[in-house]
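# A look at the structure
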Amino acid sequence: MMRPKGTRDVFGEELSALRRVEMTVRGLFEKYSFEEVETPMFENFELFEKKSGATVIDQIYAFKDKSGNMLALRPEITPSAIRFYINQLKSAPQPVKLCYFGSCFRYEEPQSQRWRQFTQAGVEILGSDRPEADVEVMALVVETMQKLGLRDFDLRVGHVGVLRKLLEHAGVGDDSQDPLLRAIDRKDEERIDAEIERARLNLTDQKILLELINSKGESSILENVRRITKGVPGVEKDFENLSDISEGLQAIGAKFNFDFGIARGLGYYTGAVFEVYVDKVQVVGGGRYDGLVELLGGKPCPAVGVGFGIDRLARVLVSRGKVEYPGGPDFMVIPVAPEIVGECLKIVKELRDAGLRADVELMGRKLTKALASADSRNVKKVIVVGQKDLEQGEVTIRDMKTGEQTKLPRKDLAKKISGTA
RNA sequence: CCGGUCGUAGCUCAAGAGCAGAGCGCCAGACCGUGGAUCUGGAAGGUCCGGGUGCAAAUCCCGGCGGCCGGACCA
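Computed from a predicted structure; not experimentally measured.

The rules behind the values
- Residues numbered from 1 in each chain as written.
- Chains lettered and ligands numbered in written order.
- Predicted model: local features only at pLDDT ≥ 70, side-chain atom pairs only at ≥ 80, totals over all residues.
- Heavy atoms only, no water.
- Helix = DSSP H or I, 4+ residues; strand = E, 2+ residues; numbered from the N terminus.
- Rg over C-alpha atoms; globule rule 2.2 N^0.38 Å.
- Buried < 20%, exposed > 50% of the residue type's maximum accessible area, 1.4 Å probe, protein only.
- Contact = heavy atoms within 4.5 Å.
- Areas by Shrake-Rupley, 256 points an atom, 1.4 Å probe, with all protein chains shown as cover.
- Lys, Arg positive; Asp, Glu negative; His and termini not counted.
- Charge placed at Lys NZ, Arg CZ, Asp CG, Glu CD.
- Pairing = 2+ DSSP bridges.
- Axes fitted to C-alpha atoms, helices over the stretch in contact; angles between N-to-C directions.

Turning our attention to the overall build of chain A. Within chain A, the secondary structure is distributed over 17 helices and 17 strands. Rg of the C-alpha trace for chain A: 29 Å, well past the compact-globule value of 22 Å for 421 residues, more than 25% over. For the C-alpha atoms alone, the extent of chain A along its principal axes is close to 95 × 55 × 45 Å. For chain A, the proportion of its 421 residues judged to be buried stands at 49%. In chain A, 66% of the contacts between residues at least 6 apart in sequence involve partners at least 24 apart. Counting every atom, chain A has about 22,000 Å² of accessible surface; 49% of that belongs to carbon and sulfur. Within chain A, the 65 negative side-chain charges are centred at a point lying 5 Å from the centre of the 63 positive side-chain charges.

Here is the structure:
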């Protein structure tokens, strides 16, 4: 039996990395006082239909249940979180800070770092349109990366509002913006040129656009970008916003770069957007989407959020050898003769009751083989239980690393061991 | 949806029309109250699936499926 295409069985070191990322992220969500919500893994199809274009809908696992309802496996969790907010929390004290965790599904061709089932974690701040909310989300991201030991991450901040307003000003209508923005997001110069051609930008606007999307670097570039786009109506406010965000990030000592070439897909983003890269792989993405709550049927509500690619983060940890994989048990109890098995079962139970990670020989191996086997499983200490020792009221404990052996009294064994180990 | 590449034992790979093999791992014995070594033995594969050509197919042909890598797309 084979796995369905694009799925994985995660085991061993990789699973250990995955758990570590989950634990780290969950811990920080709590510390930042986001409240967790667990939403269903499938939703009514229309929840995802509303905010997505045709190509995106193509990639949704959709199905009819036995009563004919159109359902879909969630391709992301943000819509569910917002549905929940609209259903139950819209009159809760603002802002509402939600976080979530779970598997998502997309019908895509699998390739490097891309599977049909993957784990996403994320947060949403609902109700605040202020730059400090954007900063809060980015601060969480920065701290997460640091806690995971990935200090060389690259945080890039852009702004889709500026991009869209510039295009609007240049006479590119909503519908024609998307292909151009896609090209920009891909950073493919040939495509960008072709799309500029197609959008019929005049020379001045072309120059402004190209200069804008090639503006990358520290906060000092902001002034220049601001100057370039001077004539574009409405962007002044966006730059105020970016400059506030920039100050906020500097206040918390976060390293980041502006990159006005970030378009973050096309979905629902309206303001500042950001991405985090490690080793050229995008592991985190987020931004402001002030229109989504309304789109999903709620009252207008500003929102900012982020999604973490948990599997990708785990991959990075594995590839950098940062995963501690807890080999075998700390203790292995081995009987010297078959008659002593019962006593061994008793001992291992005592050890476990004392909270120790203990195992017992289950294959009926002779002592020699049992020791070899314990060693190959990275057991730290072996407790050899034999008739002679028991007659003296003792057992033998052997350190598998050093080979050093000592005898310990059988009575209160677990207590003695947990004291010394 | 498109392209490259690969698919034989749990793992890494041989055999390239003529009895399906090795190394590692696993189990056991030699030794049986002290490990990693060595030696010996054992279990484990109808060669990804389905068709076709041949006396004969893991091997050649066609079609699927799957892995890895990339393109399109990426909420």
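What the five strands build is an open sheet, ordered E14-E13-E15-E16-E17; its pairing is mixed. For this open sheet the edge positions go to strand E14 (358–360) and strand E17 (405–409), each flanked by a neighbour on one side alone. Across the sheet, the mean angle separating the axes of adjacent strands is 25° when strand polarity is ignored. Pairing of strand E16 (residues 394–399) with E17, which is carried by five bridges, proceeds in the antiparallel orientation.

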